[in-house]
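An overview of the molecular structure
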Protein chains: 2
Amino acid sequence: MSETVDNTKIYRVELGVRSYDIHIEPDCLGRLGEAMAKLFAAPTRCMVISNVTIAPLYMDVVRSSLEQAGWQVSECILADGERYKTMESFGLIMDALMQSKLSRNEPVIALGGGVVGDMTGFAASCYRRGIPFIQVPTTVLAQVDSSVGGKTAINHPHGKNMIGAFYQPKLVWIDPKVLNTLELREIRAGIAEAIKYGLIRDAGFFEWMQKSAKAALDLNADVLGQMIHTSCRHKAEVVMADETEQGQRALLNLGHTFGHAIESMTHYSTYLHGEGVAIGTLMAARLSEQLGHAPAGTEDAIRGCYKHVGLPVEVPGFSAEQWLDAMGHDKKNVGSRIRYILLRGIGDAFLAEDVSPDAINQLIDSYRKV
Amino acid sequence: MSETVDNTKIYRVELGVRSYDIHIEPDCLGRLGEAMAKLFAAPTRCMVISNVTIAPLYMDVVRSSLEQAGWQVSECILADGERYKTMESFGLIMDALMQSKLSRNEPVIALGGGVVGDMTGFAASCYRRGIPFIQVPTTVLAQVDSSVGGKTAINHPHGKNMIGAFYQPKLVWIDPKVLNTLELREIRAGIAEAIKYGLIRDAGFFEWMQKSAKAALDLNADVLGQMIHTSCRHKAEVVMADETEQGQRALLNLGHTFGHAIESMTHYSTYLHGEGVAIGTLMAARLSEQLGHAPAGTEDAIRGCYKHVGLPVEVPGFSAEQWLDAMGHDKKNVGSRIRYILLRGIGDAFLAEDVSPDAINQLIDSYRKV
């Protein structure tokens with residue numbers, strides 16, 4: 001499944017006609033044009049979609065790499081942040097694509113973090129009913145998680161990622177060196193998503209992350225590389241087994257039911273996605289303990305690791321009703337169920353569909369009494 | 001591939017896991033709930049999406065059929081017309097779906113013509129990254145063409161169907177009796193799409209349509225039924241051979257390159273889609289003659305048939321530059337090509353990628369000199 005040459009690692013995501021490579025290599029950003037020329041019969045037009053933070057840092061390198069390989073490049077630069085992952089931004093991308101008159105075989109390139117990648121992928125899935133797209137992730141979160149697997153989306157005011165598509169990229173091109181310009185807070189939030197693979201399916205990786213988190217925060221190239229490799233391997237394995245989340249891919253949503261509610265209740269402006277997921281994971285761990293699935297101390301072990309990384313661990317003080325509403329409980333529908341990902345312990349997650357609203361009330365209460 | 005019991009005809013569109021039935025039967029509208037109960041493990045919630053013209057006529061029948069079968073029904077009623085096939089209407093559908101909290105396995109039903117079907121299908125493809133949808137077409141155009149095959153979309157101000165997805169329905173439920181309430185102009189526009197199959201791949205059907213058009217306009221049940229059956233058979237065959245329009249499915253766009261330009265230049269408010277396609281088909285026929293592909297008289301034969309049906313046959317007077325711009329010619333890009341569907345004769349269409357802008361100039365000129 002993988003091949004290593006020097007510092008380069010390539011994972012192949014095998015999905016029949018939708019298969020693609022994850023290429024991980026320090027300093028590969030400037031060779032994107034070359035790599036894309038191999039994917040397409042002949043370089044024609046393409047569009048790079050990025051944001052106001054990333055474009056000033058990396059657009060020049062990407063553009064000249066593409067132009068040298070013969071591509072005619074247009075750009076679409078968006079505002080930065082999860083609160084701009086909206087229908088309005090989607091409309092701006094569509095306007096830019098229409099203006100550039102990209103045809104059905106001409107690619108768009110997502111140069112940025114999870115927000116840019118999710119929006120670009122969704123736009124690529126819709127424009128002319130689907131054009132090729134390339135992921136060039138520039139944050140830890142996007143490099144270890146969101147750029148792989150084809151989950152694309154924008155947010156609805158009443159729910160995160162509610163409008164989207166399963167739409168695979170043609171290539172994921174990861175240069176760990178671009179993380180050097182990332183803010184510490186962004187690095188921490190991304191590490192939370194890497195830790196997630198340990199919690200779900202690889203206790204050894206969780207232990208390694210506990211030991212290595214500090215070095216990752218210091219941008220130690222070897223540790224970052226190892227963290228990205230292992231995360232991409234896990235992500236690729238899960239996606240190949242369950243592309244459209246009929247089963248085990250749902251486990252990757254550990255911490256997300258609570259985490260999305262946190263993001264939504266705070267209007268996507270207080271927490272980064274990875275921060276919301278970290279807090280949500282602690283809640284899922286406590287719920288697992290309360291329901292007798294996980295041994296006592298599971299939540300504390302995870303909290304210890306998060307604190308070590310410098311992630312927020314305080315659950316924000318909303319009422320149980322606000323939580324249930326934000327998580328999509330429909331009071332008129334007794335039959336409506338929320339799916340929670342719970343833990344049997346570190347490295348062993350499972351899907352639970354039978355969690356009662358009472359259990360959630362009790363969970364929320366337990367935080368309010370602290 | 002098909003089975004006939006009394007007046008009922010069922011075509012199976014075989015597309016692996018995306019296979020579905022086209023069920024054609026007079027008076028079947030009131031049995032939709034029953035049919036859907038067979039498709040889903042247990043009736044839960046569903047949403048019917050329709051418009052202000054169709055809902056007063058048929059929503060009651062559909063709703064009570066669904067409720068009797070155990071479904072909990074919500075509704076989303078849109079404005080009527082191609083000029084509402086917009087991002088704004090798409091947003092309204094998303095708001096309604098969010099409010100109803102439909103889960104990933106609960107279906108939406110498109111009750112209406114091509115616009116309702118295209119928008120509902122696209123919304124279904126995006127909401128929670130895809131939920132099931134059912135087509136219940138209520139116009140000739142939707143029954144003979146747009147409800148089958150999974151092409152879904154909304155329009156961009158600068159181009160028709162530019163934002164969409166290939167997303168197959170789970171069932172197409174056709175009741176020809178609902179055509180009884182349709183305006184004559186809508187019937188004529190739909191017949192144009194039926195005639196299209198004859199022009200592309202079935203000269204015998206073209207002859208039959210010439211003879212039978214009057215009876216179809218008079219809503220003769222046998223003739224309408226035959227027209228719908230034959231059209232659905234052709235559509236299903238083409239879609240099965242080429243689901244995502246890599247090859248022969250493009251032939252179904254006969255008349256559409258010019259037709260979409262007509263609709264776009266007149267802001268979707270002057271011509272019905274089928275009317276634009278009829279005029280566009282005459283232009284494609286004349287272009288085929290001018291380029292030496294089709295025998296002289298081809299355009300005249302088609303014009304005669306359209307006149308017989310009462311379809312518009314006059315090409316609107318825009319400049320060649322306006323035409324080329326509306327059809328997406330990029331003047332900065334010499335390499336950019338528009339694909340035209342041309343005719344070798346009645347019943348024999350092909351895809352041409354080498355039509356020069358000069359040939360289009362000459363074609364437009366030939367209409368301006370008349």
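Residues numbered from 1 in each chain as written. Chains lettered and ligands numbered in written order. Predicted model: local features only at pLDDT ≥ 70, side-chain atom pairs only at ≥ 80, totals over all residues. Heavy atoms only, no water.

1. Topic: the interface of chain B and chain A
- Counting from both sides, the interface comprises 37 residues of chain B and, opposite them, 37 residues of chain A.
- Applying the counting criterion to the chain B and chain A interface returns four salt bridges.
- Its salt-bridge partner being K101 of chain A, residue D325 of chain B comes within 3.6 Å of it at the nearest N-O pair.
- At the junction of chain B with chain A, the criterion picks out 12 residue pairs in polar contact (both at pLDDT 80 or more).
- Only α3 (87–100), α4 (114–126), β8 (151–156) and β9 (159–166) of chain B provide two or more residues apiece to the side of chain B that touches chain A.
- A per-class count over the side of chain B that touches chain A returns 12 nonpolar, 15 polar and 10 charged. (Contact = heavy atoms within 4.5 Å. Salt bridge = Lys/Arg side-chain N within 4 Å of Asp/Glu carboxyl O. Polar contact = N/O pair within 3.5 Å; in protein donor to acceptor, adjacent residues only side chain to side chain. Helix = DSSP H or I, 4+ residues; strand = E, 2+ residues; numbered from the N terminus. Nonpolar A, V, L, I, M, F, W, Y, C, P; charged D, E, K, R; others polar.)

2. Description of the side chain of E245 of chain A
- Relative to the helices and strands, E245 of chain A resides in the loop between α8 (221–241) and α9 (256–265).
- A relative accessible area of 8% places E245 of chain A in the buried class.
- Among the polar contacts made by the side chain of E245 of chain A, one reaches the side chain of K151 of chain A at a distance of 2.4 Å.
- Here the side chain of E245 of chain A touches N253 of chain A through a polar contact of 3.1 Å, side chain to side chain.
- Contacts of E245 of chain A, omitting those with residues within four sequence positions, involve K151, F166, A250 and N253 of chain A together with R104 of chain B. (Buried < 20%, exposed > 50% of the residue type's maximum accessible area, 1.4 Å probe, protein only.)

3. Observations regarding helix α7 (residues 203–217) of chain B
Residue and element names in this part refer to chain B.
- Relative to the 21 Å expected for 15 residues at 1.5 Å per residue, α7 spans 21 Å between its end C-alpha atoms, a close match to the ideal helical length.
- At K211, α7 shows its maximal bend, which comes to roughly 50°.
- For α7, the set of buried residues is F205, F206, M209, S212, A213, A216 and L217.
- For α7, the elements touching its buried residues are α6 (184–201), α8 (221–241) and α11 (298–309). (Expected span 1.5 Å × (residues − 1). Bend = angle between axes of the 7 residues up to and from the residue.)

4. Some remarks on the side chain of H156 of chain A
- Tracing the sequence through the fold places H156 of chain A in strand β8 (residues 151–156).
- Assessed through its relative accessible area of 4%, H156 of chain A is described here as buried.
- Ignoring any residue separated from it by four or fewer positions in sequence, one finds H156 of chain A in contact with M162, I163 and Y268 of chain A together with M94, D95 and M98 of chain B.

5. Quick word on the relation of the copies chain B and chain A
- With an RMSD of 0.0 Å, the fit of chain B onto chain A corresponds to turning through 180° and sliding 0.0 Å along the axis. In short, the pair behaves as if placed about a two-fold rotation axis. (Least-squares fit on C-alpha atoms with pLDDT ≥ 70 in both.)

6. Observations regarding the domain arrangement of chain A
All names here are of chain A.
- Each domain of chain A was delimited in the assignment, giving domain 1 (2–181) and domain 2 (189–368).
- Here the C-alpha centroids of domain 1 and domain 2 sit 26 Å apart.
- Domain 1 puts 33 residues into the contact, and the matching count from domain 2 is 30 residues.
- Here domain 1 and domain 2 share an interface that buries about 2,700 Å² over both sides, 64% of which is from carbon and sulfur atoms.
- Taken together, the links from domain 1 to domain 2 amount to five salt bridges.
- The residue K151 makes a salt bridge to E245 at a minimum N-O spacing of 2.4 Å.
- Summed over the shared surface of domain 1 and domain 2, the result is 12 residue pairs in polar contact (both at pLDDT 80 or more).
- Elements supplying a minimum of two residues to the side of domain 1 that touches domain 2: β2 (8–13), β3 (20–24), α5 (140–146), β8 and β9 (159–166).
- The dominant element in the side of domain 1 that touches domain 2, judged by the number of residues it contributes, is α5, at six residues.
- Of the residues contributing to the side of domain 1 that touches domain 2, the split by class is 13 nonpolar, 11 polar and nine charged. (Domains from an automatic or database assignment. Buried area = accessible area lost by both parts, 1.4 Å probe.)

7. Notes on the pairing of β9 of chain A
All names here are of chain A.
- In terms of residue burial, β9 counts as a mostly covered element, since seven of its eight residues are buried.
- Pairing geometry for β8 and β9, over five bridges, is antiparallel. The residue bridging K151 from the neighbouring strand is F166, located in β9.
- The loop that links β8 with its antiparallel partner β9 comprises two residues. (Pairing = 2+ DSSP bridges.)

8. Thoughts on the packing of helix α1 (residues 32–39) of chain B against helix α2 (residues 55–68) of chain B
Residue and element names in this part refer to chain B.
- Relative to each other, α1 and α2 sit at 45°, their axes nearing to 7 Å. Compared by their axis directions, α1 and α2 come out oblique. Handedness of the crossing formed by α1 with α2: right-handed. Residues L32, G33 and M36 of α1 touch α2, and the partners they reach there are V62, S65 and L66.
- Each residue belonging to the contact of α1 with α2 can be placed in one class, and the counts come to four nonpolar, two polar and no charged. (Axes fitted to C-alpha atoms, helices over the stretch in contact; angles between N-to-C directions. Parallel < 35°, antiparallel > 145°, perpendicular 65-115°, else oblique. Left-handed = near helix turned anticlockwise from the far one by under 90°.)

9. Structural notes on the packing of α6 of chain B against helix α10 (residues 273–290) of chain B
Residue and element names in this part refer to chain B.
- Contact geometry of α6 with α10 gives a least axis separation of 7 Å together with a crossing angle of 45°. One way to sum up the angle between α6 and α10 is to call them oblique. Two packed elements cross with a definite hand, and for α6 against α10 that hand is left-handed. Contact residues: R185, A189, A192, E193 and L199 in α6; H273, G274, E275, V277, A278 and T281 in α10.
- Its residues assigned to classes, the contact of α6 with α10 comprises five nonpolar, three polar and three charged.

10. Notes on the UniProt feature "domain: 3-dehydroquinate synthase N-terminal" (unreviewed entry) in chain A
- Under the feature "domain: 3-dehydroquinate synthase N-terminal" (unreviewed entry), the UniProt entry names residues 76–188 of chain A.
- Helix makes up 35% of residues 76–188 of chain A and strand 27%, whereas the separation of the span's terminal C-alpha atoms amounts to 28 Å. (UniProt positions renumbered as here; feature names shortened; annotations may be inferred.)

11. Points about the packing of aromatic side chains
- Summed over all chains, the structure comprises 14 aromatic pairs over all chains.
- Aromatic pair F258 of chain A and W323 of chain A: ring centres 6.3 Å apart, planes at 75°, arrangement edge-to-face. Taken together, the residues F258 of chain A in helix α9 and W323 of chain A in helix α12 (residues 320–326) connect sequence positions 65 residues apart.
- Overall, F258 of chain A belongs to the buried group, its relative accessible area being 1%.
- Here W323 of chain A falls in the buried class, since its relative accessible area comes to 0%.
- On the basis of an interplanar angle of 85° and a centroid distance of 6.5 Å, the ring pair of F318 of chain A and W323 of chain A is categorised as edge-to-face. W323 of chain A carries the same exposure label as F318 of chain A, and that label is buried.
- Here the aromatic residues F258, F318, W323 and Y340 of chain A are joined through ring pairs into a cluster of three or more.
- We note R286 of chain A situated over the ring of Y367 of chain A; from NZ or CZ to the ring centre the distance is 3.8 Å.
- Lying across the ring of F350 of chain B, R344 of chain B places its NZ or CZ 4.4 Å from the centre. (Phe/Tyr/Trp six-rings, centres within 6.5 Å; stacked < 30°, edge-to-face > 60°. Lys NZ or Arg CZ within 6 Å of the ring centre and 35° of its normal.)

12. Regarding the pairing of strand β11 (residues 340–345) of chain B
Residue and element names in this part refer to chain B.
- β11 sits mainly inside the fold: five of its six residues count as buried.
- One ladder, built from five bridges, connects β11 with strand β12 (residues 348–352); its direction is antiparallel. What sits directly across from L342, in β12, is F350.
- What sits between β11 and β12 in their antiparallel hairpin is a turn of two residues, with G347 showing a positive phi close to 90°.

13. Describing the state of the cysteines
All names here are of chain A.
- Taken as a whole and judged by the stated rule, the model has zero disulfides over all chains.
- For C232, which is in no disulfide, the shortest distance to another cysteine sulfur is to C28 and amounts to 12 Å.
- What makes C232 buried here is its relative accessible area of 0%. (Disulfide = S-S within 2.5 Å.)

14. Topic: the environment of H158 of chain B
Residue and element names in this part refer to chain B.
- Here H158 is to be found in the loop between β8 and β9.
- Under the relative-accessibility criterion, H158 is labelled exposed at 61%.
- In this structure, the C-alpha to C-alpha distance between H158 and D325, residues 167 residues apart in sequence, is 9.9 Å.

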